[in-house]
Amino acid sequence: MLDDTDRRILAELGRDGRMSMRTLAETLHISRANAYARVARLQRDGVIRGFHADVDPVAAGLTTAAYVTLNLQQANWREVLGRLRALPGVVHIGLVGGDFDVILLVRVADNTELRHLVLDEIQGMPGVVTTRTLLLFEESSP
């Protein structure tokens, strides 16, 4: 179970994953030893899965983004998810309930790459029945 200090650690590291343990400890008014021990426990328990760079996709040349929904043959969903994970440009995969089975967030350089990814790669996979592509015009963070 996470206590209030653990949640505050997660919030601070979520804002700045490169924050030093000294700064983290000072910000939360706890000892450095306590901060080290708590972060190590959160990592060991899988709460903190890693530290990553927050990359601006447009600045990195990935100027086209879309959500792609898929309907699958139900017997093939594990195999399809494995193939989707291997595709460049697939940023996020969600297995969902409702009008479709899977929703993907994809980021590519341009519409030509998007066409290739959706029409050639995804629609050509065994087990994929239909796709629908929703082009993102603009994104914002909460």
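Predicted, not measured: the structure shown is a model, and the values here were computed from it.

Visitor: I'd love a proper account of the environment of Arg41, names of residues and values included.
Guide: Along the chain, Arg41 falls in helix 3 (residues 32-44). Spatially, the C-alpha atom of Arg41 lies 41 Å from that of Glu121, the residues being 80 residues apart in sequence.

Visitor: Describe unusual backbone geometry, and please don't skip the residues or the numbers.
Guide: Unusually for a residue other than glycine, His29 sits at a positive phi of about 60°. On the secondary structure map, His29 appears in the loop between helix 2 (21-28) and helix 3.

Visitor: Could you give an account of the sheet that holds strand 2 (residues 90-95), with specific residues and numbers?
Guide: The 4 strands are arranged 2-3-1-4 in an open sheet whose pairing can be described as antiparallel. Unpaired on one side and paired on the other, strand 2 and strand 4 (128-135) mark the two borders of the sheet. Across the sheet, the mean angle from the axis of one strand to that of its neighbour is 20°, orientation sign disregarded. Direction of pairing for strand 1 (residues 64-72) relative to strand 4: antiparallel, over a ladder of 7 bridges.

Cut-off values and rules
Residues numbered from 1 in each chain as written. Predicted model: local features only at pLDDT ≥ 70, side-chain atom pairs only at ≥ 80, totals over all residues. Heavy atoms only, no water. Helix = DSSP H or I, 4+ residues; strand = E, 2+ residues; numbered from the N terminus. Pairing = 2+ DSSP bridges. Axes fitted to C-alpha atoms, helices over the stretch in contact; angles between N-to-C directions.

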